[in-house]
Each structure stands twice: as structure tokens, then as C-alpha cells.
Amino acid sequence: MSEVKLYLGDCLEIMKSIPDKSVDAVITDPPYGIGIASNPFRQKFDKQEWDNAPASKEMIDEIMRVSKHQIIWGGNYFDLRPSKGFIVWDKKQGEDFSSAMCELAWCSMQKPAKMFSYSARYAREHPTQKPLDLMKFCIAFLPDEVITILDPFMGSGTTGVACVQTGRNFIGIEIDEGYFKIAEKRIHDAQQQMRLTL
């Protein structure tokens, strides 16, 4: 059974307590600072303060320090060099030029770019929530020896659910108490479901 540790608080402060390279991998979707209001699929969500600015360089540096491997969604918005590999999420929206047709994740592993196709029209509890199957795809992209995965911008906990369902340990950090509670419940429910299948 996966071991799960969840922290409510500022990821920068919490990551400072994590030793160098002690986490096998980070899979995360930090704020890009590009605004969510322009996306017609997300207008039901209130504007969030965290959406006004991208994750800081210090946050990205801490991610690199604590982990051996990284998959960072929106990595194209940050100064991440050298480019070693990318995952492309094809949102299957056709020629809808009013919103992004795809999203990019920067990957630290030296692998050929991979494409994942999945419609962006799905139920979500967080304005930037990624599909569960996409997070499982990210986990499969990591080296086989990866056991513990950190998501310092946990949001509604999709990475955590994917870790539980694929037998990985998970560390999640979220600063918003409302989303933390959603993530906590989703991950707990996933753990209960896994116990029922054993």
C-alpha cells in the first residue's frame, strides 16, 4: 500500500526541510502566471491570487534540489535548461483557437518527446486540474526505480490519486485549505478503493 504524506502550507518553506535528492521524482503543475479567466472551460472558477504570478525561481530551484527527476507542466514558461524531454498533452479540441490545443511538460529525463491525447472536456474540482490518466502517463514516463513522488503544488490531488493507483508513495503540498481538503478526500478515497481490491 502506498505511503502518503500531505502538508497544508507554503511549498517553499516545506521543501526547505527536505534533504537534497531525497525524493525520487517531482510531478507538478505550478502556476504559470498567465491567468485562467481567458479559458472558457474554467470560467466557473473564481480568480485566484496564485494565478497572478508564476512560481518563483526559488521554488523551481528547490524542486530541482530535493528531487532526482522532474516532470514540470508549463515548463516552457520557466527558464528550464537544458531541454531533455517533453510530454505533450493534446487536448483534442480540434481547431479551437480560443484556447490552448495542447500543454507541455518539461522532463529532466533524456527521452524522446511523448504525446498523450485526452479531451480537455472533463469534470474538475480545480481550475488547472489535469486528467488522472495523464498523471498516470507521467508516472509511466519516469524511471522504473522511482518509488516516492512529490507534488509541491498539489491542487485537488490528482497526482496523489495516480500515485496511489500505481503503487507509488506520495508527498503532497498545497497552500489553499479548500483545495487541500478536496485532495485529502480524493486521495483517501483512492486508498480505500485500493484496499478493497487487495
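Not measured: the values here are computed from a predicted model. (Residues numbered from 1 in each chain as written. Predicted model: local features only at pLDDT ≥ 70, side-chain atom pairs only at ≥ 80, totals over all residues. Heavy atoms only, no water.)

Draft legend 1. Structural view of the overall build of the protein. Scanning the protein from N- to C-terminus turns up 5 helices and 8 strands. Listing every helix and strand of the protein by position from the N terminus yields β-α-β-α-β-β-β-β-α-β-α-β-α. On the protein, roughly 9,900 Å² of surface is accessible, and the fraction owed to carbon and sulfur atoms is 52%. (Helix = DSSP H or I, 4+ residues; strand = E, 2+ residues; numbered from the N terminus. Areas by Shrake-Rupley, 256 points an atom, 1.4 Å probe, with all protein chains shown as cover.)

Draft legend 2. Region of interest: the pairing of strand β4 (residues 85-90). As defined by bridge partners, β4 adjoins strand β5 (residues 102-107) across 6 bridges and the pair is classed as antiparallel. Along β5, the bridge assignment pairs Trp89 with Glu103. Alignment of β4 against strand β6 (residues 114-117), held across 4 bridges, turns out to be parallel. Across the sheet, residue Ile87 finds its bridge partner in β6, namely Lys114. (Pairing = 2+ DSSP bridges.)

Draft legend 3. Highlighting the sheet that holds β4. The 8 strands are arranged β1-β8-β7-β2-β3-β5-β4-β6 in an open sheet whose pairing can be described as mixed. The open sheet terminates on both sides in strands that have one partner only, identified here as β1 (4-8) and β6. Across the sheet, the axes of successive neighbouring strands diverge by a mean angle of 15°, strand direction being ignored. Lying over the sheet, helix α2 (residues 57-66) contacts β2 (23-28), β3 (67-73), β5 and β7 (148-151), oriented at roughly 140° with respect to β3. The sheet contacts of helix α3 (residues 132-141) involve β2, β3, β4, β5, β6 and β7, and relative to β6 the element is tilted by about 160°. (Axes fitted to C-alpha atoms, helices over the stretch in contact; angles between N-to-C directions. Contact = heavy atoms within 4.5 Å.)

Draft legend 4. How the structure looks around the packing of aromatic side chains. Scanning all chains against the criterion turns up 5 aromatic pairs. Seen in terms of ring centroids, Trp89 and Tyr122 are 6.4 Å apart; in terms of plane orientation they differ by 50°. Their pairing is tilted. Taken together, the residues Trp89 in strand β4 and Tyr122 in the loop between β6 and α3 connect sequence positions 33 residues apart. As far as burial versus exposure is concerned, Trp89 and Tyr122 are alike and both buried. Here Tyr118 and Tyr122 contribute two aromatic rings whose centre-to-centre distance is 6.2 Å and whose plane-to-plane angle is 70°, an arrangement assigned as edge-to-face. Under the relative-accessibility criterion, Tyr122 is labelled buried at 17%. An aromatic cluster of three or more residues is present, and its members are Trp89, Phe116, Tyr118, Tyr122 and Phe137. (Phe/Tyr/Trp six-rings, centres within 6.5 Å; stacked < 30°, edge-to-face > 60°. Buried < 20%, exposed > 50% of the residue type's maximum accessible area, 1.4 Å probe, protein only.)

Draft legend 5. Spatial organisation of the pattern of salt bridges. Applying the stated rule across the entire model yields 13 salt bridges. A salt bridge links Lys5 to Glu3; the shortest N-O distance between them is 3.7 Å. Taking the shortest distance from any N to any O, the salt bridge between Asp20 and Arg65 comes out at 2.5 Å. Of this pair, Asp20 sits in the loop between α1 (11-15) and β2 while Arg65 is found in helix α2, placing the two residues 45 residues apart along the sequence. It is possible to trace a salt-bridge network through shared partners that takes in Asp29, Lys91, Glu103 and Lys130. (Salt bridge = Lys/Arg side-chain N within 4 Å of Asp/Glu carboxyl O.)

Draft legend 6. Main features of the environment of Ser67. Looking at where Ser67 falls in the secondary structure, it is placed in strand β3. Overall, Ser67 belongs to the buried group, its relative accessible area being 0%. A C-alpha to C-alpha distance of 8.2 Å links Ser67 and Leu150, two positions 83 residues apart in sequence. When sequence neighbours within four positions are dropped, the list of residues in contact with Ser67 reads Lys21, Val23, Ala25 and Val26. Polar side-chain contacts of Ser67 include one of 2.6 Å to the backbone oxygen of Ile63. (Polar contact = N/O pair within 3.5 Å; in protein donor to acceptor, adjacent residues only side chain to side chain.)

Draft legend 7. Highlighting α2. Residues of α2 that are buried: Met59, Ile60, Glu62, Ile63 and Val66. Projected down its long axis, α2 carries its buried residues within an arc of 160°, all on one side. (Arc of directions from axis to C-beta.)

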